[in-house]
Amino acid sequence: MVLDHIDHIPGLLPAELSGLFHVLTRCVGTFFAYLAVEGFVHTHSRPRYALRLFGWAAFMAAGNAVYNAIANDPRLHLSNNIFLTLALGVLMLCILAGTQADKPAGHPALRILGVLVVLAVGAVFAEGGIVVLPFMLVTYLCRKRPALRNVLYLLGAIALFFMSYVPYPTVHETLLMLSYNSDFLFITVLPFIWLYDGTRGSNTPFCKYFFYVFYPLHLWVIGLIALVMR
């Protein structure tokens with residue numbers, strides 16, 4: 001996360017290094033999404049899980065608004081909010097599978113319509129929604145069929161590559177462009193998924209809430225450093 005966002009500080013990194021960090025961190029958002037699906041499957045209360053994510057999304061949106069008002073600089077504008085994307089993903093799964101694992105989720109046509117609405121809204125308004133939300137859908141539907149899941153991931157990565165690829169006059173310029181338009185590299189999450197054995201980690205408050213606190217805090221700290229250095 002930190003490496004991906006450090007270039008919010010204007011002029012700190014050369015374009016090549018910033019692009020490299022962007023490439024190396026394409027797996028981060030999708031691994032968060034994978035763990036969110038795991039959380040949805042195993043949580044005791046799906047509505048509370050979704051509400052917690054929406055609550056932190058609102059908290060981060062408020063913090064971003066305060067920072068942007070203080071900065072008053074389009075170059076330093078903060079709009080990142082992965083909590084909103086994950087919250088929409090969990091909402092989508094609640095619509096698809098129901099808020100309780102042992103109860104029907106409603107009419108299939110209405111569920112499909114609801115999923116499509118969330119996908120459309122998330123693709124437009126949520127950070128990385130065009131990648132993360134379909135990723136969460138595939139991850140949930142194929143959670144017991146990892147081979148099919150991985151094939152669908154790969155097909156999605158190929159589609160995103162061809163949507164992103166634009167030939168530039170030189171190979172260097174083309175690679176630099178792809179390092180920034182590199183959503184197709186979400187596929188690099190696969191080694192981390194393979195390493196995850198499904199074992200539940202520590203349930204202490206620190207471990208449970210560390211991500212919720214660290215994610216917005218590191219962006220705001222980077223933003224404040226950018227304010228000082230501008």
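Within every chain, residues take consecutive numbers counted from 1 along the sequence as written. Confidence filtering applies because this is a predicted model: local features only for residues at pLDDT of at least 70, side-chain atom pairs given and counted only at 80 or more, and all residues used for totals across whole chains, interfaces and linings. The basis for every side-chain value is the complete set of heavy atoms in the structure, and neither hydrogens nor water enter the calculation.

1. A short note on the overall build of the protein chain
Okay, step 1: Scanning the protein chain from N- to C-terminus turns up 11 helices and zero strands.
Okay, step 2: The numbering of helices and of strands both runs from the N terminus, where a helix is a DSSP run of H or I of at least 4 residues and a strand a run of E of at least 2. If you list the helices and strands of the protein chain from N to C, you get α-α-α-α-α-α-α-α-α-α-α.
Okay, step 3: What the globule rule says is 2.2 Å times the number of residues to the power 0.38, and the radius of gyration is computed from C-alpha atoms. On C-alpha atoms alone, the protein chain measures out to a radius of gyration of 19 Å, which is about the 17 Å that the 2.2 N^0.38 rule sets for 230 residues.
Okay, step 4: Oriented by its inertia axes, the alpha-carbon framework of the protein chain measures out at about 55 × 40 × 35 Å.

2. Things to note about the nonpolar core
Here is a general trend for soluble globular proteins: nonpolar side chains tend to be buried in one another's company.
Okay, step 1: Judged by nonpolar contacts, the single largest core of 61 residues is most densely connected at Leu86 and Met136.
Okay, step 2: Counting residues per element, this core draws most heavily on helix H5 (residues 82–97), which supplies 11 residues.
Okay, step 3: Two residues qualify as a contact provided that any one of their heavy atoms is within 4.5 Å of a heavy atom in the partner residue. Excluding residues that lie within four positions of it along the chain, Leu86 makes contacts with Phe32, Ala33, Ala36, Leu53, Val132, Met136 and Phe211. To form a nonpolar core, buried Ala, Val, Leu, Ile, Met, Phe, Trp, Tyr and Cys residues must be joined to one another through side-chain atoms within 4.5 Å. Type-normalised accessible area, obtained with a 1.4 Å probe on protein chains alone, sets the label of each residue: buried when under 20%, exposed when over 50%, and partly exposed for intermediate values.

3. Quick look at unusual backbone geometry
Okay, step 1: Unusually for a residue other than glycine, Asn72 sits at a positive phi of about 50 degrees.
Okay, step 2: Secondary-structure assignment places Asn72 in the loop between helix H4 (46–71) and H5.

4. Quick word on the environment of Thr199
Okay, step 1: Relative to the assigned elements, Thr199 resides in the loop between helix H10 (190–195) and helix H11 (205–229).
Okay, step 2: For Thr199, a relative accessible area of 53% gives the class exposed.
Okay, step 3: Each C-alpha atom, one on Thr199 and one on Val189, is 18 Å from the other, the two residues being 10 residues apart in sequence.
Okay, step 4: Counted as a polar contact is a pair of N or O atoms within 3.5 Å, where, for protein atoms, one must be capable of donating a hydrogen and the other of accepting one, and residues adjacent in sequence contribute only when both atoms are in side chains. In terms of polar contacts, Thr199 uses its side chain to reach the side chain of Asp197, at 2.9 Å.

5. Some thoughts on the confidence of the model for the protein chain
Okay, step 1: For the protein chain, mean pLDDT is 91; residues scoring 70 or higher make up 100% of the total.
Okay, step 2: For every residue, the predictor reports its confidence as pLDDT, a number between 0 and 100. Across the protein chain, element-level confidence peaks in helix H7 (residues 129–141) with a mean pLDDT of 97 and bottoms out in helix H1 (residues 2–5) with 80.

6. Comments concerning the packing of aromatic side chains
Okay, step 1: Working definition: rings of Phe, Tyr and Trp (its six-membered ring) pair if their centres are within 6.5 Å, and the pair is stacked with planes under 30 degrees apart, edge-to-face with planes over 60 apart, and tilted otherwise. This structure, assessed with the given rule, holds 23 aromatic pairs.
Okay, step 2: Ring centres of Phe59 and Trp220 lie 5.7 Å apart, and the angle between their planes is 65 degrees; this geometry places the pair in the edge-to-face category. On the criterion of sequence distance, the pair formed by Phe59 in helix H4 and Trp220 in helix H11 is long-range, its members being 161 residues apart.
Okay, step 3: Phe59 gets classed as partly exposed once you look at its relative accessible area, which sits at 42%.
Okay, step 4: On the numbers, 5.3 Å between centres and 80 degrees between planes, the contact of Phe161 with Phe162 is edge-to-face.

7. Structural notes on a nonpolar patch on the surface
Okay, step 1: A surface patch of nonpolar side chains, about 700 Å² in accessible area, is lined by Leu12, Tyr209, Val213, Leu217, Val221, Ile225, Val228 and Met229.
Okay, step 2: Along the chain, Val221 falls in helix H11.
Okay, step 3: With a relative accessible area of 39%, Val221 lands in the partly exposed category. Note that patches include only residues with greater than 30% relative accessible area and no salt bridge, and the join distances are 9 Å for like charges and 5 Å for nonpolar side chains (Val, Leu, Ile, Met, Phe, Trp, Tyr). Each accessible area is a Shrake-Rupley estimate made with a 1.4 Å probe; only the visible protein chains count as cover when residues are assessed. A pairing counts as a salt bridge when a side-chain nitrogen of Lys or Arg comes within 4 Å of a carboxyl oxygen of Asp or Glu.

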